[in-house]
Each structure stands twice: as C-alpha cells, then as structure tokens.
Amino acid sequence: MIDLARLHAIPLFADFTGAELTVIAQLATERAVSAGEALFKPGDARRTFVILLSGQAQILGVYGNEVQVFSILEPNDFAVEVALVDPTLKHEHSCQMIADGSVLEVDGKLFADFRKRVPDVANRIYEKIILNLTDRLHHANNKLMTIYMTGRIAATYGNLDHLSDLLLDTILGIVQAKRALFATYLPLEDKVIIRDAKGYRNNQEIRNLSIAMNDPILGTLYRVPLELSISEDQYHAEKALHTPYASRNMLGTPLVARDRVIGAILLGDKTGHKAF
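Residues numbered from 1 in each chain as written. Predicted model: local features only at pLDDT ≥ 70, side-chain atom pairs only at ≥ 80, totals over all residues. Heavy atoms only, no water.

Caption draft 1: Broad picture of the environment of L221. By secondary structure assignment, the location of L221 is in helix α9 (residues 218-223). Classification of L221 by relative accessible area gives buried; the value is 0%. A sequence separation of 43 residues divides L221 from A264, and the C-alpha atoms of the two residues are 7.1 Å apart. Not counting residues up to four positions away in its chain, the partners in contact with L221 are Y185, L226, L228, G252, T253, P254, V261 and A264. (Helix = DSSP H or I, 4+ residues; strand = E, 2+ residues; numbered from the N terminus. Buried < 20%, exposed > 50% of the residue type's maximum accessible area, 1.4 Å probe, protein only. Contact = heavy atoms within 4.5 Å.)

Pasting the structure below:
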C-alpha cells in the first residue's frame, strides 16, 4: 500500500478526495526499480498498470530488423492502462528502465473487483486516463492502435455520452480528420445509434440517427470488431458505402468491453486529401 500523500502527488490522482485515495491506495504498490530492469517484455500479459514515480524508462520495439525507442517515460507518465480493462492482452513491446527509480503498480485483476465495489471511483480513474489521450496520441507510433486501446477504456467507462464530445474533439485534432462520429450498438433492437457527430454539414441530422445493424460500415465494425479502413477508391466503387454519414475515405475502430462490442468511432475525410 502506497503512502496517501505520495499518491495524491501523482497528477492522475490529484483531484481525488482523501477517502477516495484511501480506497485507491489499497490497490497500489510501490517498488524500487534499477537501471536496465525490464518492466515488461513482448509476450507478457498486460496485467499491471504502471505509473513511473521516479527515474526514466523507455518503450522499445522492433522496426524492420532494428530495436527502436518508441517513447520515453518520465516521472508521472503511465503505461499499460489497458490492464485496467483486459489484463489478458499481450505486450507487443518492451519497457526498460534507463535510470534507477520507482514505480507504482496496480494489478488489473484486483482493479476488476475494485470496479464492481466502487464504480464511481473507477470511472473517475478511467476518465482521467482518457483525458491524457491527446498526449498519448501525439507520441504514439501507431495512432490507430492508440485510439483502439483508448476505446477499450472508454467502453468500460460508465457514461459514454459524457465522454463522446471530448473523444471526438481530441481525435479530430490529433488525427487531422474533417469528420468524426461516435455510435453505440443496441443489438436486441437491431440498430445502431449515432450519439455524436462533428464536422458534418448536417451534424444535427446525423446525431441520434438510427441505423440497422446490417449497415455496411458501422454494422461491419460490430460483426467484425477490428479496425476498418475504407479508401476513396473503395468508396466510389461500392455504392452500398454511400450511407447518410459516410465520407470519401474512412477509418473506424470498435469500442470493446468484456469481449462485447458496444460502440464505435468513425473518422472521415483526412485533411490534405490524404488517405488514413
């Protein structure tokens, strides 16, 4: 268990009350780490959320035949946030300490139980993590994967409508698309609802639009929960893609919670007439 004052000094937890910090502290452990020590390696389960308290670490990956530094973690930076959603996913990169320091760790399985006991506090932690989306997208080697992982966290958040405006504004700014929409799925009613839309000439008409689940774009993201890219050539060639919300080129990612697709983010018309 970490000291409350130390926990409160971490920006991610700075706005939490003393009572909330007391509960969070029961999940967190602090440990010393040495230069050269690996915090995780490719193939390891992403079971632990990590916040760097002191020292410096680097995220490493293989590009071509060479090991490359993808990003540098400084004090108060965090990694493996998806452990708070699905601790069974595997690491694709490694993280190695550059200098001696210390880390705060939260076990993903413990957090799953915590989320059931104190959902309000868990939701606030999710929201704080999502508010860091801008920085993480700026530094991400794979922006689509970062949006996808953020989507997994957003999908677990208790009030998706509350976050939709924030998510769309942030993603539009970083990915430099002209349009974006956020949709949720209601499979028992066989429909998809567009909850929010940005950049469309008819934003108000797009918002709250009800679409059948066999839709060729949003429906596909539900049936095949993988990233979906549609080029301008594909859009012009397939008339079925000319839906009321479609763009000339599109990039979509599903929001997955507990192996269930509950929503999707769709970007349209990348600026500069470029493809996604």
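Caption draft 2: The pattern of salt bridges, seen in detail. For the coordinates displayed, the defined rule picks out 11 salt bridges. We note a salt bridge from E105 to R31, for which the minimum N-O separation is 3.1 Å. One end of the pair, E105, is in strand β6 (residues 94-107); the other, R31, is in strand β1 (residues 28-33), with 74 residues separating them in the sequence. The salt bridge involving D269 is made with R179; its shortest N-O contact spans 3.9 Å. Pair noted here: D269 is in strand β12 (residues 260-270) and R179 is in strand β7 (residues 177-186), with a separation of 90 residues, a long-range link. Classification of D269 by relative accessible area gives buried; the value is 5%. Here R179 falls in the buried class, since its relative accessible area comes to 18%. Linked by salt bridges that have partners in common, R31, E37 and E105 make up one network. (Salt bridge = Lys/Arg side-chain N within 4 Å of Asp/Glu carboxyl O.)

Caption draft 3: Expanded view of the pairing of strand β8 (residues 191-198). When you tally the buried positions in β8, you get 6 out of 8 residues, the bulk of the element. Strand direction decides the pairing type here: β7 and β8, joined by 7 bridges, are antiparallel. Bridged to T184 within β8 is I193. Hairpin connection between β7 and β8: a loop of 4 residues separates the two successive antiparallel strands, and D190 in this loop has a positive phi of roughly 55°. The pairing of β8 with strand β9 (residues 210-212) spans 3 bridges and is antiparallel. Directly across from V192, in β9, lies its bridge partner I211. (Pairing = 2+ DSSP bridges.)

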